[in-house]
Amino acid sequence: MKKILVTGGAGFIGSNFVHYLREHYPDYQITVVDKLNQQGNIENLASVRNDIEFHEFDLIEESKLAPLFEKGFDYVAHFAAETNVDRSIENPDTFVNSNVLATNILLRLSRDHGVKRFHHVSTDEVFGSLELESNDKFSEQTPYDPRSPYSATKAGSDHLVRSYFHTYGLDVTISNCSNNYGPYQVPENIVPVFTLMAMNDKPVTIYGDGKSVRDYLYVLDHCRAIDLILHKGKAGETYCVGGGQEQNGIQIADTVLSILGKPESLKKFVTDRPGHDRRYAIDHSKLSRELGYEPSVTFEEGVRQTIEWYKNNEAWWQPYMKDFYVPEFMKKDVE
Ligand SMILES: NC(=O)c1ccc[n+]([C@@H]2O[C@H](COP(=O)([O-])OP(=O)(O)OC[C@H]3O[C@@H](n4cnc5c(N)ncnc54)[C@H](O)[C@@H]3O)[C@@H](O)[C@H]2O)c1
């Protein structure tokens with residue numbers, strides 16, 4: 001029986017991964033640590049709550065984290081991070097604490113307690129921005145060029161993770177993935193924001209000219225990729241994870257509105273995010289070649305499944321509607 005610590009397991013991707021582990025590795029002993037910030041929600045784990053050990057605290061609190069390592073974890077899957085780019089523009093300090101300092105504590109404890117593999121979940125945003133018109137893609141060879149406080153702190157944590165491999169011999173793997181969407185994503189990200197706005201006949205707010213492009217990865221494809229890397233990836237290696245589905249803001253709005261049967265007139269163009277990267281695209285051929293990964297869900301199919309989930313889980317998302325997060329730079333557009 002393996003023991004795994006999942007940090008950030010009450011967040012969007014982390015909770016999907018905990019459900020995935022329960023289904024595919026029923027004998028694993030799962031411990032989750034999550035501080036339950038605006039994105040963390042213990043309800044995400046409601047159906048597995050009795051099968052896992054859950055601790056609510058900030059990873060920066062080493063005195064609470066250290067005793068858990070006495071269990072002798074085989075694996076650490078590190079999802080915990082402050083993740084909202086717009087919030088990072090407003091308050092970078094929290095991002096440095098959670099994404100860099102807390103990651104170092106976790107790495108040090110993993111090193112000192114003989115963790116067999118530390119998997120770090122990171123982002124394609126560390127690579128900067130691509131030209132809209134180019135066919136270039138990010139790969140494991142792309143130099144780092146982070147632009148926002150969020151991506152800069154994720155880049156910092158990636159480097160720290162690698163340094164623990166080279167300096168201390170800790171067995172680590174890193175994945176840099178594109179934009180995820182799917183069940184349990186709070187309405188601070190584009191697919192759930194557009195879905196909930198459109199479902200409630202409110203304006204679907206598209207940043208800038210709506211032409212910035214991201215690659216979209218259905219969260220369950222991402223969980224399969226992490227499973228492969230965690231269990232079969234090579235120590236010290238980085239793997240890029242993509243969904244092979246490039247979409248811009250206008251296309252996403254059109255897909256959501258069409259699936260929901262809502263009018264185009266709900267589209268509203270608003271002020272762009274400061275320093276908004278123009279295009280991200282991911283070449284995941286290393287992961288395909290070495291570990292057999294292929295994304296299985298097209299964007300349209302994934303959005304359909306996601307919308308179905310939101311339709312069936314109103315009790316989950318309704319509380320977010322009362323205190324809907326609007327980034328500072330967009331406030332004048334929606335008042
Ligand atoms: N969502 C995406 O599209 C995406 C894309 C690329 C990479 N990632 C990476 O994947 C990981 C998970 O992302 P997500 O979308 O699930 O994020 P999320 O914000 O939904 O979840 C993160 C979770 O971590 C917890 N957390 C944050 N700081 C913590 C701390 N200091 N101590 C304890 N818990 C803490 C939060 O409470 C939250 O539950 C992150 O590392 C993120 O950088 C996400």
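Before we move on, could you go through the site of the ligand and cite the residues and values that matter?
Neighbouring the ligand are 29 residues, the closest being Ile13, Asp34, Thr83, Tyr150 and Lys154. Here an oxygen atom of the ligand sits 3.0 Å away from a polar atom, N or O, in the main chain of Phe12. Between the ligand and Asn180, the relevant distance is 2.8 Å, taken from an oxygen atom to a main-chain nitrogen or oxygen of the residue. Contact with the protein chains covers 96% of the free accessible surface of the ligand, which is 820 Å². If you list the elements that add at least two residues to the shell around the ligand, you get α1 (12–24), β5 (117–123), α5 (149–168) and β7 (179–181). Taken together, the residues of the shell around the ligand sort by class into twelve nonpolar, 13 polar and four charged.

Could you give an account of the pattern of salt bridges, with specific residues and numbers?
Evaluation of the coordinates by the stated rule reveals 18 salt bridges. Its salt-bridge partner being Glu246, residue Arg279 comes within 3.1 Å of it at the nearest N-O pair. One end of the pair, Arg279, is in the loop between β12 (267–270) and α9 (285–291); the other, Glu246, is in strand β11 (residues 246–248), and 33 residues separate them in sequence. Through salt bridges with shared partners, one network takes in Lys35, Asp58 and Glu82.

Help me get a handle on the environment of Leu109, residues and values and all.
Along the chain, the position of Leu109 falls in helix α4 (residues 92–112). Accessibility expressed as a relative area gives 5% for Leu109, which makes it buried. For the pair Leu109 and Leu68, spaced 41 residues apart in the sequence, the C-alpha separation amounts to 9.8 Å. If we ignore the near neighbours within four places in the chain, the residues touching Leu109 are Glu62, Leu65, Ala66 and Phe69.

Could you give an account of the nonpolar core, with specific residues and numbers?
Ranked by size, the top nonpolar core spans 55 residues in total, and within it Ile4, Phe17 and Ile30 carry the most contacts. Apart from the residues within four sequence positions on either side, Ile30 is in contact with Ile4, Val6, Val18, Leu21, Arg22, Ile52 and Glu53. Judged by nonpolar contacts, the second largest core, of 22 residues, contains Leu5, Leu68, Leu109 and Phe118.

Break down the environment of Trp317 for me, with residues and values.
For Trp317, the location among the structural elements is in helix α11 (residues 314–322). Overall, the relative accessible area of 2% leaves Trp317 in the buried class. For the pair Trp317 and Thr123, spaced 194 residues apart in sequence, the C-alpha to C-alpha distance is 25 Å. Leave out the neighbours within four places in its chain, and Trp317 touches Leu196, Met199, Asn200 and Tyr310. Among the polar contacts listed, one links the side chain of Trp317 to the backbone oxygen of Tyr310, at a separation of 2.6 Å.

Go over the state of the cysteines, please, and point to the residues and values.
According to the stated counting rule, one finds zero disulfides in the structure shown. No disulfide involves Cys177; its sulfur sits 9.6 Å from the nearest other cysteine sulfur, which is in Cys240. Accessibility expressed as a relative area gives 6% for Cys177, which makes it buried. Cys223 takes part in no disulfide bond, and the closest cysteine sulfur, belonging to Cys177, lies 10 Å away.

Describe a nonpolar patch on the surface, and please don't skip the residues or the numbers.
Together, Ile60, Val96 and Leu101 give the surface a local cluster of nonpolar side chains, amounting to about 210 Å² of exposed area. Residue classification places Val96 among the partly exposed residues on the basis of a relative accessible area of 38%.

I'd love a proper account of the packing of aromatic side chains, names of residues and values included.
Under the defined criterion, the tally for this structure stands at 19 aromatic pairs. Pairwise contacts between aromatic rings join Tyr184, Trp309, Tyr310, Trp316 and Tyr320 into one cluster. Across from the ring centre of Tyr168, 4.4 Å away, lies the NZ or CZ of Arg111, which sits over that ring. Over the ring of Tyr280 we find Arg214; its NZ or CZ atom is 3.9 Å from the centre of that ring.

An account of α1 is requested, with residue identities and associated values reported.
A rise of 1.5 Å per residue sets the reference length of α1, with its 13 residues, at 18 Å; its end C-alpha atoms lie 19 Å apart and thus fit the reference within 8%. In terms of residue burial, α1 counts as a mostly covered element, since eleven of its 13 residues are buried. Those residues of α1 lying buried are Phe12, Ile13, Gly14, Ser15, Asn16, Phe17, Val18, His19, Tyr20, Leu21 and Arg22.

Give me the lowdown on the pairing of strand β4 (residues 75–78), citing residues and values where you can.
Neither face of β4 is open: one carries Tyr75 and Ala77, the other Val76 and His78, and all of them are buried. Across four bridges, strand β1 (residues 3–7) lies against β4 in parallel orientation. Residue pairing in the sheet places Ile4 in a bridge with Tyr75 of β4. Relative to β5, β4 runs parallel, the two sharing four bridges. If you follow Tyr75 over to β5, its bridge partner there is Arg117.

Reading the values: the criteria
Residues numbered from 1 in each chain as written. Predicted model: local features only at pLDDT ≥ 70, side-chain atom pairs only at ≥ 80, totals over all residues. Heavy atoms only, no water. Near = heavy atom within 4 Å. Polar contact = N/O pair within 3.5 Å; in protein donor to acceptor, adjacent residues only side chain to side chain. Areas by Shrake-Rupley, 256 points an atom, 1.4 Å probe, with all protein chains shown as cover. Helix = DSSP H or I, 4+ residues; strand = E, 2+ residues; numbered from the N terminus. Nonpolar A, V, L, I, M, F, W, Y, C, P; charged D, E, K, R; others polar. Salt bridge = Lys/Arg side-chain N within 4 Å of Asp/Glu carboxyl O. Buried < 20%, exposed > 50% of the residue type's maximum accessible area, 1.4 Å probe, protein only. Contact = heavy atoms within 4.5 Å. Core = buried A, V, L, I, M, F, W, Y, C linked by side-chain atoms within 4.5 Å. Disulfide = S-S within 2.5 Å. Patch = residues over 30% accessible without salt bridge, like charges linked within 9 Å, V, L, I, M, F, W, Y side chains within 5 Å. Phe/Tyr/Trp six-rings, centres within 6.5 Å; stacked < 30°, edge-to-face > 60°. Lys NZ or Arg CZ within 6 Å of the ring centre and 35° of its normal. Expected span 1.5 Å × (residues − 1). Pairing = 2+ DSSP bridges.

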